[in-house]
Amino acid sequence: MFDTLTLAALPAEDEALRPAIRALAAEAVAARGDAARARSWAGFDAAFSRRLGEAGFLGLTLPRRYGGGERGPFARFVVVEELLAVGTPVAAHWIADRQSAPLILRFGTEAQRDDYLPRICRGEIFFCIGMSEPGSGSDLASVRTRAERTESGWRVNGQKIWTSNAMHSDYMIALLRTSGTSEDRHGGLSQLIIDLKAPGVTVRPIADLAGDAHFAEVFFEDVDLPADALIGHEGEGWKQVTAELAFERSGPERIYSSVVLLDAWVRHLQAMGREDSATVALVGDFTARLGTLRAMSIACTARLALGESPVVEASLVKDLGTSFEQELPIAIGDDLAAHPDEPVDAELYRTLLYVTHVAPSFSLRGGTREILRGIIARGMGLR
Amino acid sequence: MMDHDALLSPFERMLETVAAPAAVRAVEAGGDTDAMWDAVAGSGFLDALVAEAAGGFGLPVAAVQPLWQALGRHAVPLPVGETMIARALLADAGAPLPDGPVALAVAAPGQTVVVPLGLVARHVLVEQDGRLALVAADGAEATGVACSLAARMRWDRLDGMLPAPAGGLRALAAVLRAALIAGAADRLVAMTAAYANERAQFGKPIGRQQALQQNLAVMAEEAVAARIASQLGCAGAWPPSLAAAATAKSVASRAATRVAATAHAVHGAIGISVEHDLHLFTRRLHEWRLADGSESWWNRQLGAQRLTSGAGSVDYVRAELAAPA
């Protein structure tokens, strides 16, 4: 089953990007401790994102005429892998580069493309995605924030919540109701690009359990937007949102969220000269699974490169990958505390507990575990 | 080189004809194996890995991996994959190639080991103290496990020995086992999904229950992971590197128990009955997991090697475990 997911190699011309992006990544994390690096795609550094843009590493898959690199998904895999492997702070450009730019390219007008894409590629503007609302989580079709037609465009009222990086973003691509009610489910939903500096927008960061504030609630009170705030077709928002899911669910970010901790632990074991068989077996287990998950993620990338939208396969990679990411801090914590007489460096301890505490989010963001398994079950012909 | 599908289709068709569940059961009941073996041998696939210069196909192991998976998918009760490996090793050493099925074993002098399919092998290729010997499969003793074709065997010090492959015979056998597991796991996912759509309880197919859907989704994930790990095991050099063999066998063995458990959980009591075909595949998953090093054995090998490297984890798996470009 799911036979199209099969071993694929990264093409040599994409591998060739590695040295340059690796050098930039190393420079970005040189002054950051492991606990900061473990934040990776929650770590915000606008200057670093701009440096990536200048070096041509943003919008890699976009056409050159919009400032992109005109490369394929494999090139993006290599670059993202290098950025995540050492925990660079990629949050600033993350959503714009991964989702917003491809969405604007696919569904936007020529004017919208000309307006946004070159600035995204230069790392000058940052995006967030407005999906969840207080009453809409996994059941996204129930969103109630509305955009109503006015003479000059749209007026938005309502609220989004759990929006990652809203307080640092210039624009939100929001899923809004433009007609009907939540009873109409997927019908009547549209996507609008909201300028977060527009009057009537209030962004309030939400503190999280790790001492950060990476997400926010966003209020819209009679926010007037121009007519060209609509991206794609009115009433097609649901279709547009689901079309991009395979891009967001199968990448290295679904495998590497705990990899900074894994490396810190391995260095600790090496420093302690640990050779006990339970620990060595655990290292081997993680290595085997990491190698396999990476191959699965590349296999999914290969389908994307063929122009397919492997939503079921991506769900499969994300569920396995995030389970792995979540198991790491639990097992590493057990291993360290199973050696209570061994000194544990303060930075390793902080990194362990940071990852332990945020790990539940790995299987929430981008589609919960239960939703993904439902998608896989449907792909198996169940229901 | 031939296209992989062009190889797989005739092989799979041949197995469908000669290794249907009834034929598998007949062999497990002690029946004659000649007809099945002759069909497999007649196909020419036994020399898939033998160099062209020695009269074989000279295929890379990556091209043979789908054939091994097909053997698992059909629960073939003869050591076909083992014979492919043995014939290639013997041909490489310039030794004569024996007729009939060959099993594989790693055993110190005087040590009794369990040899998968030992009861239906004519020869065993034994690795002893880092050397190989081809011996007649005499003295094969049944394990006492119902329906199993594994045998308990032991050898005193063997002579007439060839050099063992780099990394040892166990690594080659482990890569084969991983592919067999991936094939049987794939078959079980298909069987179990089909059964969940047929079997009705509480007025609807049980496959519509979310609780079952979640478990079946995880089962499919494990089966795909086993397949990709098996492909990684076969992607690079032959004999495989320690990392490739360890990854293939560790991930596949871990998947084996999980896939078998969910297959049985969904089938309910009927899956435990001898009449139902489920056990043809679940019994093998457990047997293959135990053969040639379990997940923990391979995890220890891989972990020890990993700990000698100063590389980060991503760089390590990138260097050791990747499809060649």
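Residues numbered from 1 in each chain as written. Chains lettered and ligands numbered in written order. Predicted model: local features only at pLDDT ≥ 70, side-chain atom pairs only at ≥ 80, totals over all residues.

With that out of the way, let us pick up the overall build of chain B. When its secondary structure is counted, chain B shows 11 helices and 9 strands. For a compact globule of 325 residues, the expected C-alpha radius of gyration is about 20 Å, and chain B comes in at 20 Å, within 12% of that figure. Seen through its principal axes, chain B has C-alpha atoms that stretch 65 × 55 × 40 Å. The buried share of chain B, reckoned over its 325 residues, is 54%. The contacts in chain B between residues at least 6 apart in sequence include a share of 68% that link residues at least 24 apart. (Helix = DSSP H or I, 4+ residues; strand = E, 2+ residues; numbered from the N terminus. Rg over C-alpha atoms; globule rule 2.2 N^0.38 Å. Buried ≥ 20, exposed ≤ 12 C-beta atoms within 10 Å, placed from the backbone. Contact = placed C-beta atoms within 7 Å.)

On a plain count of helices and strands, chain A comes out with 14 helices and 8 strands. Scaling as 2.2 N^0.38, a compact globule of 383 residues should have a C-alpha radius of gyration of about 21 Å, and chain A matches this with 21 Å. In terms of overall dimensions, chain A has C-alpha extents of about 70 × 50 × 40 Å along its principal axes. Counting only residues that meet the buried cut, chain A has 54% of its 383 residues in that class. Across chain A, contacts joining residues at least 24 apart in sequence account for 77% of those joining residues at least 6 apart.

Residue and element names in this part refer to chain A. Pairing of strand β3 (residues 153-164) with strand β7 (residues 215-226) involves 9 bridges; the strand directions are antiparallel. Note that in β7 the partner of Gly-153 across the bridge is Pro-226. Relative to β7, strand β6 (residues 201-206) is paired through 6 bridges, and the arrangement is antiparallel. Residue pairing across strands places Arg-204 opposite Glu-217, the latter belonging to β7. (Pairing = 2+ DSSP bridges.)

Let us now look at the environment of Thr257(B). With respect to the helices and strands, the residue Thr257(B) is situated in helix α8 (residues 242-267). In this structure, the C-alpha to C-alpha distance between Thr257(B) and Leu285(B), residues 28 residues apart in sequence, is 7.1 Å.

Residue and element names in this part refer to chain B. Domain parsing of chain B yields domain 1 (4-163) and domain 2 (169-320). Listing elements by their share of the side of domain 1 that touches domain 2, those giving two or more residues are α2 (21-28), α4 (61-73), α5 (80-92) and β1 (102-106). Looking at side-chain class alone, the side of domain 1 that touches domain 2 contains 15 nonpolar, 5 polar and 3 charged residues. (Domains from an automatic or database assignment. Nonpolar A, V, L, I, M, F, W, Y, C, P; charged D, E, K, R; others polar.)

Next up on the list: the sheet that holds strand β5 (residues 141-142) of chain B. Sheet architecture is open: 3 strands sit in the order β2-β6-β5 (chain B), paired in antiparallel fashion. The sheet is open, and its two borders are formed by β2 (113-115) and β5 of chain B, each paired with just one other strand.

Right, let's get into the packing of helix α7 (residues 210-235) of chain B against α8(B). All names here are of chain B. Between α7 and α8, the shortest axis-to-axis distance is 8 Å and the interhelical angle comes to 155°. Classified by the angle their axes make, α7 and α8 are roughly antiparallel. Once α7 is placed against α8, the crossing between them reads as left-handed. Counted together, Leu-212, Asn-215, Leu-216, Met-219, Glu-222, Ala-223, Ala-225, Ala-226, Ala-229, Ser-230, Leu-232 and Gly-233 of α7 and Ala-244, Ala-245, Thr-247, Ala-248, Val-251, Ala-252, Ala-255, Arg-258, Val-259, Thr-262, Ala-265 and Val-266 of α8 form the full contact between these two elements. Here the contact of α7 with α8 is built from residues that sort into 17 nonpolar, 5 polar and 2 charged. (Axes fitted to C-alpha atoms, helices over the stretch in contact; angles between N-to-C directions. Parallel < 35°, antiparallel > 145°, perpendicular 65-115°, else oblique. Left-handed = near helix turned anticlockwise from the far one by under 90°.)

Chain B puts 46 residues into the contact, and the matching count from chain A is 50 residues. Elements that contribute at least two residues to the side of chain B that touches chain A include exactly α6 (169-198), α7, α8, α10 (295-307) and α11 (313-320) of chain B. It is α7(B) that contributes the most residues to the side of chain B that touches chain A, 15 residues altogether. Here the residues of the side of chain B that touches chain A are counted per class, giving 28 nonpolar, 13 polar and 5 charged.

Relative to the helices and strands, Pro116(B) is located in the loop between β2 and β3 (123-128). Measuring from C-alpha to C-alpha, the distance between Pro116(B) and Ala311(B) comes to 38 Å, with 195 residues separating the pair along the chain.

Residue and element names in this part refer to chain A. Domain boundaries assigned for chain A yield domain 1 (12-126), domain 2 (128-235) and domain 3 (242-379). The gap between the C-alpha centroids of domain 1 and domain 2 is 24 Å. Taken together, the contact pairs 16 residues of domain 1 with 13 residues of domain 2. Breaking the side of domain 1 that touches domain 2 down by element, the ones donating at least two residues are α6 (91-107) and α7 (110-121). A total of 8 residues in the side of domain 1 that touches domain 2 trace back to one element, the largest contributor, which is α6. Here the residues of the side of domain 1 that touches domain 2 are counted per class, giving 11 nonpolar, 5 polar and no charged.

This part covers the pairing of β1(B). Residues and elements named next belong to chain B. Of all 5 residues making up β1, 5 are buried, and the element is well covered by its neighbours. In β1, alternate side chains face the same way, and those of Val-102, Leu-104 and Val-106 on one face and Ala-103 and Ala-105 on the other are all buried. Across 5 bridges, the pairing between β1 and β3 is parallel. When the sheet's bridge partners are listed, Leu-104 is paired in β3 with Leu-125.

Let us look at the sheet that holds strand β7 (residues 162-163) of chain B. All names here are of chain B. Spatially, 4 strands are ordered β1-β3-β4-β7 in an open sheet, and the strand pairing comes out mixed. Taken across any chain shown, the strands that pair with only one partner, and hence form the sheet edges, are β1 and β7. In the sheet, β3 pairs with strand β4 (residues 131-136) via 6 bridges, with the strands oriented antiparallel. Residue pairing in the sheet places Val-126 in a bridge with Ala-133 of β4. The sheet strands contacting α5 are β1, β3 and β4, and the helix crosses β1 at an angle near 80°. Across the sheet, α6 touches β1, β3 and β4, and the angle it forms with β1 is around 125°.

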